[in-house]
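# Topology and contacts: notes
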Amino acid sequence: MLNNWVVIPTCLPLVLRRCHTCASKRFRASGKFRVNANHKLLDAWLLVLCTTCGDTAKLTVLERMNVRSVQPGLLDRLHANDPALAVELLQDPVVQRRNRIVLDWENAWRLDIGGSDHLDREVIDVSVRFAARIPVRPVRLIAKGCGLSRAEVERLITEGKLVSAVRLSDKLSGDFTFTLKC
Ligand SMILES: [Zn+2]
């Protein structure tokens, strides 16, 4: 039987970026956008707040973009301060590169193991899906999901009882599967 686990975001991640006012490095998404139209050119920003001093910084989302080439519906979502859009944009590698930001997902996700009774079985196959691109070490997820310590998980890997096509000790943010033989 295949078990399905899901890594689910529980809130917006922190945005790592230097604050020009207080030199802190953590910002929180305010959930608000600012849009500026100049003739037919659009600029849009996602506003983030310094977690230390509360200063606002603007992350560029659209830059001098022709109104007609903006994806239909996007403008409405920007004006409505759509929270799902903020999540999408923060995860967008183009937005991350353009604004030189890195996300901190610590304490912003949970693992849903679907109430599976897998601990009684001899062999379990688990498929892990990521609902957002959250970088986590599989070793940590498996420890959490199976109620083991990380050292115990490492030992199972060494003993060949825990196998996967991916390197379980490296951080990843994409779907993977593993098999555990108890
Ligand atoms: Zn600050």
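Above: the structure in question.
What you see is a predicted model; the values in this text were computed from it and never measured.

## Describing the packing of aromatic side chains
- Counted under the stated rule, the structure contains three aromatic pairs.
- Considering the side-chain rings of Phe130 and Phe176, the 6.4 Å spacing of their centres and the 45 degrees angle between planes classify their relative orientation as tilted. A residue pair is termed long-range when its members are at least 10 positions apart, and Phe130 in strand β8 (residues 123-130) and Phe176 in strand β10 (residues 176-181) qualify at 46 residues. Both residues of the pair, Phe130 and Phe176, belong to the buried class.

## What about the coordination of the zinc ion?
- At 2.3 to 2.4 Å from the zinc ion lie its protein donor atoms, namely Cys19 (SG), Cys22 (SG), Cys50 (SG) and Cys53 (SG).
- Note that the zinc ion binds four donor atoms; their angles at the metal cover 103 to 113 degrees, and the shape is tetrahedral.
- We note that the donor set of the zinc ion lies within a single chain, spaced as C-x2-C-x27-C-x2-C. In this pair, Cys22 sits in the loop between β2 (14-16) and β3 (26-38) while Cys53 sits in the loop between β4 (41-50) and β5 (56-66), placing the two residues 31 residues apart along the sequence.

## Structural notes on the sheet that holds β10
- Strands sit in the order β7-β1-β8-β10-β9 across an open sheet of five strands; the sheet is mixed. Looking at the sheet topology across the chains shown, the edges are occupied by β7 (109-112) and β9 (162-164). Averaged over all pairs of adjacent strands, the angle between their axes in this sheet comes to 20 degrees, without regard to strand direction.
- Taken together, the six bridges between strand β1 (residues 2-9) and β8 define a ladder with parallel strand orientation. Within β8, the position partnered with Asn3 by the bridge is Val126.
- Across the face of the sheet, helix α4 (residues 138-146) comes into contact with β1, β7, β8, β9 and β10 while running at roughly 55 degrees to β7.

## Points about the pattern of salt bridges
- Summed over the entire model, instances satisfying the criterion amount to nine salt bridges.
- Of the charged contacts in the structure, one is a salt bridge between Asp112 and Arg110, with a shortest N-O distance of 3.5 Å.
- On the basis of relative accessible area, Asp112 is assigned to the partly exposed category, the value being 27%.
- Overlapping salt bridges bring together Arg77, Asp82 and Glu88 as one network.

## Description of the environment of Ala37
- Residue placement: Ala37 occurs in strand β3.
- For Ala37, a relative accessible area of 53% gives the class exposed.
- Taking the C-alpha atoms as reference points, Ala37 and Arg64, separated by 27 residues in sequence, lie 8.8 Å from one another.

## Description of the sheet that holds strand β6 (residues 102-104)
- An order of β5-β4-β3-β2-β6 is seen for the five strands of this open sheet, with the pairing classed as antiparallel. Every interior strand has two partners, whereas the edge strands, β5 and β6, have only one. Neighbour-to-neighbour, the strand axes of the sheet open up by a mean angle of 40 degrees, direction not taken into account.
- As defined by bridge partners, β3 adjoins β4 across nine bridges and the pair is classed as antiparallel. Note on β4: the bridge partner recorded for Val35 is Ala44.
- Contacts between helix α2 (residues 83-91) and the sheet are confined to β2, β3, β4, β5 and β6, with β3 contributing the most and set at about 100 degrees to the helix.

What counts and what doesn't
- Residues numbered from 1 in each chain as written.
- Predicted model: local features only at pLDDT ≥ 70, side-chain atom pairs only at ≥ 80, totals over all residues.
- Heavy atoms only, no water.
- Phe/Tyr/Trp six-rings, centres within 6.5 Å; stacked < 30°, edge-to-face > 60°.
- Helix = DSSP H or I, 4+ residues; strand = E, 2+ residues; numbered from the N terminus.
- Buried < 20%, exposed > 50% of the residue type's maximum accessible area, 1.4 Å probe, protein only.
- Donors = N, O, S within 2.8 Å, 3.2 Å for Na, K, Ca; no water.
- Tetrahedral: all angles 85-135°; square planar, octahedral: opposite > 155°, others 65-115°.
- Pairing = 2+ DSSP bridges.
- Axes fitted to C-alpha atoms, helices over the stretch in contact; angles between N-to-C directions.
- Contact = heavy atoms within 4.5 Å.
- Salt bridge = Lys/Arg side-chain N within 4 Å of Asp/Glu carboxyl O.

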